[in-house]
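Spelled out, the chains give:
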Amino acid sequence: VSVWDARAEAYRTSEEHRAGWDLELLVRWAAGARTALDVASGGGHVARRLREEGLEVVACDPAPGMRPDVVCRAEDLPFADSSFDVVACRLAAHHFADVRQGVAEMARVARERVLVVDNLWMSEAGEEANRLRDPSHVRNYAEEEWRSLLAAAGLEVAEVETRERAIGLGPWLERTGCAGEDAERVRELLADRIDGDRYTLDRIALKARRR
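Figured I'd write up the structure that's included with this text. Each residue is numbered by its place in its chain's sequence as written, counting from 1. Local features in this predicted model are restricted to residues whose pLDDT is 70 or higher, and side-chain atom pairs enter the listing and the counts only when it is 80 or higher, whereas totals over whole chains, interfaces and linings include all residues. The side-chain figures draw on all heavy atoms in the structure; neither hydrogens nor water molecules are used.

**A short note on the overall build of the protein**
For the protein, the helix and strand inventory stands at nine helices and eight strands. We take the radius of gyration over the C-alpha atoms and set the globule estimate at 2.2 Å times the residue count to the 0.38 power. At 16 Å, the protein has a C-alpha radius of gyration in line with the 17 Å of a compact globule built from 211 residues. Projected onto its principal axes, the C-alpha positions of the protein cover 45 × 35 × 30 Å. For the protein, the proportion of contacts with a sequence separation of at least 24, taken over those separated by at least 6, is 72%. Residues scored as charged are limited to Lys and Arg (positive) and Asp and Glu (negative), so that His and the chain ends carry no count. Where a charge sits is defined by one atom per residue type, namely NZ (Lys), CZ (Arg), CG (Asp) or CD (Glu). Distance from the positive charge centre (31 side chains) to the negative charge centre (40 side chains) of the protein: 4 Å. Helix numbers and strand numbers start at the N terminus; a helix is a DSSP run of H or I with at least 4 residues, a strand a run of E with at least 2. In what follows, a contact means two residues having at least one pair of non-hydrogen atoms within 4.5 Å.

**Let's talk about the pattern of salt bridges**
When a carboxyl oxygen of Asp or Glu lies within 4 Å of a side-chain nitrogen of Lys or Arg, that pair is called a salt bridge. By the definition in use, this model includes 23 salt bridges. One salt-bridge network, held together by shared partners, links Glu 24, Arg 48, Arg 49, Glu 52 and Glu 53.

**A short note on the side chain of Arg 175**
Counting through the fold element by element, Arg 175 comes out in helix H8 (residues 169–175). Residue classification places Arg 175 among the buried positions, given a relative accessible area of 11%. Only 3.3 Å separates the side chain of Arg 175 from the side chain of Ser 14, close enough to count as a polar contact. Every residue in contact with Arg 175, bar those within four places of it in the chain, is listed here: Arg 7, Ala 10, Tyr 11, Ser 14, Glu 16, His 17 and Arg 133. Partly exposed describes any residue whose relative accessible area lies between the buried limit of under 20% and the exposed limit of over 50%, with all areas from a 1.4 Å probe on protein chains only and scaled to the type maximum. Two N or O atoms count as a polar contact when they lie within 3.5 Å, although within protein this holds only if one can serve as hydrogen donor and the other as acceptor, and sequence-adjacent residues are included solely when both atoms are side-chain atoms.

**Observations regarding the packing of helix H5 (residues 99–109) against helix H7 (residues 143–152)**
Between N-to-C directions, angles cover 0 to 180 degrees, with each direction set by a line fitted to C-alpha atoms, over the stretch in contact for helices. The N-to-C vectors of H5 and H7 enclose an angle of 50°; their axes lie 8 Å apart at closest approach. If you check the angle between H5 and H7, you find them oblique. Considering how the two elements wind past one another, H5 and H7 form a crossing that is right-handed. Where H5 abuts H7, its residues Val 99, Arg 100 and Val 103 lie against Trp 146, Leu 149, Leu 150 and Ala 152. Tallied by class, residues from the contact of H5 with H7 come to six nonpolar, no polar and one charged. For classification purposes, an angle smaller than 35 degrees is called roughly parallel, one larger than 145 roughly antiparallel, one from 65 to 115 roughly perpendicular, and anything else oblique. In this scheme the handedness of a crossing depends on how the near helix is turned from the far one: anticlockwise by less than a right angle means left-handed, clockwise means right-handed. Note on residue classes: Ala, Val, Leu, Ile, Met, Phe, Trp, Tyr, Cys and Pro are nonpolar, Asp, Glu, Lys and Arg are charged, and everything else, Gly too, is polar.

**Concerning the nonpolar core**
One recurring pattern in soluble globular proteins is that nonpolar side chains are buried together. Here, nonpolar core refers to any group of buried Ala, Val, Leu, Ile, Met, Phe, Trp, Tyr and Cys residues whose side-chain atoms link them within 4.5 Å. Formed by 31 residues in total, the largest nonpolar core has its most connected members in Leu 37, Val 39, Leu 77, Phe 96, Met 106 and Trp 146. Looking at this core, the elements with two or more residues in it are strand S1 (35–39), strand S4 (84–90), H5, strand S5 (110–119), H7 and strand S8 (198–210). Broken down by element, this core gets its largest block of residues, five residues, from H5. Residues within four places of Met 106 in sequence aside, it is in contact with Val 39, Leu 77, Val 87, Cys 89, Phe 96, Val 114 and Val 116. Of all hydrophobic cores here, the second largest spans 21 residues; its members include Val 46, Leu 55, Leu 91 and Val 117.

**Description of the layout of surface pockets**
A pocket here means an open set of points on a 1 Å grid, computed over the protein atoms alone, that has protein on both sides within 12 Å along at least five of seven lines. A cavity is instead a set of points where a 1.4 Å probe fits but cannot get out; residues with an atom within 4 Å of a point line either one. Grid points are joined across faces, edges and corners, and a volume is the space filled by probe spheres set on the points. Of the pockets and cavities examined, the largest pocket occupies roughly 650 Å³. Residue lining of the largest pocket: 39 residues in total, with Trp 4, Leu 91, Ala 92, His 94 and His 95 positioned closest to the centre. Of all the secondary structure elements, the ones that give two or more residues to the lining of the largest pocket are helix H1 (3–13), helix H2 (15–18), helix H4 (45–52), helix H6 (124–133), H8 and S8. The dominant element in the lining of the largest pocket, judged by the number of residues it contributes, is S8, at three residues. Counted by class, the lining of the largest pocket contains 17 nonpolar, twelve polar and ten charged residues.

Function cannot be inferred from these measures alone, as they are strictly geometric.
Spelled out as structure tokens, the structure:
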């Protein structure tokens, strides 16, 4: 069982993932589409919301325990070119082993739009804290990096929104089993962003179109 299979239930029931301005923004940006692919679907919250809006959705994720429709990595999507009107990926790209390839694949299978939401790069201390909390964390990216990744995949950024998001620190640490000295060190590294049991991070949403 992979680490993500073991965490599946925690992500399915996570309040942080079930809702939020960024999830509703993705739904708005997908308006008018008929088909969608939810890449690295995790707990399936993007797929659920898009289905509620009447879209035909395929969810894919590398972890079978997440119960996706298709088990695959973002870097190797088993779909034909332009298979979906919209391709969405929320809070997952910071785990991609090869983010450039993942974005290129999303662009390839999208007929119209690619929608991405992720946490923004804040500082080296922030990255160290993220890797300590979750060794599967690869990297968060700055807005300029996201723009360049999407451009390299042949996409044009149409809209960008960045906002702060305050989340529960305890549940955030518990979801990945981060405890003891590791948790203390994470709290030290993120001290300037922690208030009580709330941790404030920066989040970005990007809507890109085929050129």
